[in-house]
Amino acid sequence: MSELALQLIAKEKKEKTGYLDIGRCGLTPDNPRLEEVWEALGELVHLEGLVFSNEWYEWNENKNEFIKKISQNKGDKNLLEAIPIVLKKLIELQKLVIGGWYNYKWHIKKLENVDTLIHLQQF
């Protein structure tokens, strides 16, 4: 399923929208192409928003409530065990959505590789 992530990264590299959703792209520790995905992702230094999660909640100020969001992608679920080191290159990031779900927990144990993200406003 990493092929989907690589396609989405290539599309963002070309279009430069500043936002990338690579949730539900089968990003798991045993994925043989994971390093290739991280390498390609590191080229998107312009990104301001990045989603790794399959599902998440976002605060909606107009409705004064959290709204459930689901990745637009239709691949296998992501399951990360660490925050990718490649994030250190994405210094323009303002929003990072990276986490499991209450019944599908990820195993990220350390808050690392985000120390260079000085513009980060949502995490």
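One structure accompanies this document, and this report is about it. Since we're looking at a predicted model, the values are computed, not measured.

### Concerning the pairing of strand β3 (residues 55–60)
Pairing of β3 with strand β4 (residues 65–70), which is carried by six bridges, proceeds in the antiparallel orientation. Directly across from Asn60, in β4, lies its bridge partner Glu65. Remark: four residues form the turn of the hairpin made by β3 and β4, two consecutive strands paired antiparallel; Asn64 in that turn has positive phi of roughly 55 degrees.

### What about the packing of helix α1 (residues 2–15) against helix α2 (residues 34–41)?
With their axes 10 Å apart at the nearest point, α1 and α2 run at an angle of 10 degrees to one another. Classified by the interaxial angle, the pair formed by α1 and α2 is roughly parallel. Listed contacts from α2 to Ser2, Ala5, Leu6 and Ile9 of α1 are Glu36, Val37, Ala40 and Leu41. A per-class count over the contact of α1 with α2 returns six nonpolar, one polar and one charged.

### Here we look at the side chain of Glu58
Position of Glu58 relative to the elements: it lies in strand β3. At 2.8 Å, the side chain of Glu58 and the side chain of Trp56 are in polar contact. Here the side chain of Glu58 touches Lys95 through a polar contact of 2.5 Å, side chain to side chain. Those residues within four positions of Glu58 in sequence are excluded, and the remaining contacts are Glu65, Phe66, Ile67, Lys69 and Lys95.

### Description of unusual backbone geometry
As a rule of thumb, non-glycine residues mostly have phi less than zero, and peptide bonds are mostly trans rather than cis. Of note in this structure, Lys16 is not a glycine but carries a positive phi near 50 degrees. On the secondary structure map, Lys16 appears in the loop between α1 and β1 (19–21). Taking relative accessible area as the criterion, Lys16 reaches 53% and is therefore assigned exposed. Phi at Arg24 takes a positive value of approximately 50 degrees, unusual for a residue other than glycine.

### As for α2
Of the residues making up α2, those classed as buried are Leu34, Val37, Trp38, Ala40 and Leu41. Projected down its long axis, α2 shows its buried positions confined to an angular sector of 165 degrees, all on one face. Relative to its buried face, α2 has exposed residues pointing more than 90 degrees away, namely Glu35 and Glu39. Here the buried face of α2 lies against α1, β1 and β2 (49–51).

Reading the values: rules and limits
Residues numbered from 1 in each chain as written. Predicted model: local features only at pLDDT ≥ 70, side-chain atom pairs only at ≥ 80, totals over all residues. Heavy atoms only, no water. Pairing = 2+ DSSP bridges. Helix = DSSP H or I, 4+ residues; strand = E, 2+ residues; numbered from the N terminus. Axes fitted to C-alpha atoms, helices over the stretch in contact; angles between N-to-C directions. Parallel < 35°, antiparallel > 145°, perpendicular 65-115°, else oblique. Contact = heavy atoms within 4.5 Å. Nonpolar A, V, L, I, M, F, W, Y, C, P; charged D, E, K, R; others polar. Polar contact = N/O pair within 3.5 Å; in protein donor to acceptor, adjacent residues only side chain to side chain. Buried < 20%, exposed > 50% of the residue type's maximum accessible area, 1.4 Å probe, protein only. Arc of directions from axis to C-beta.

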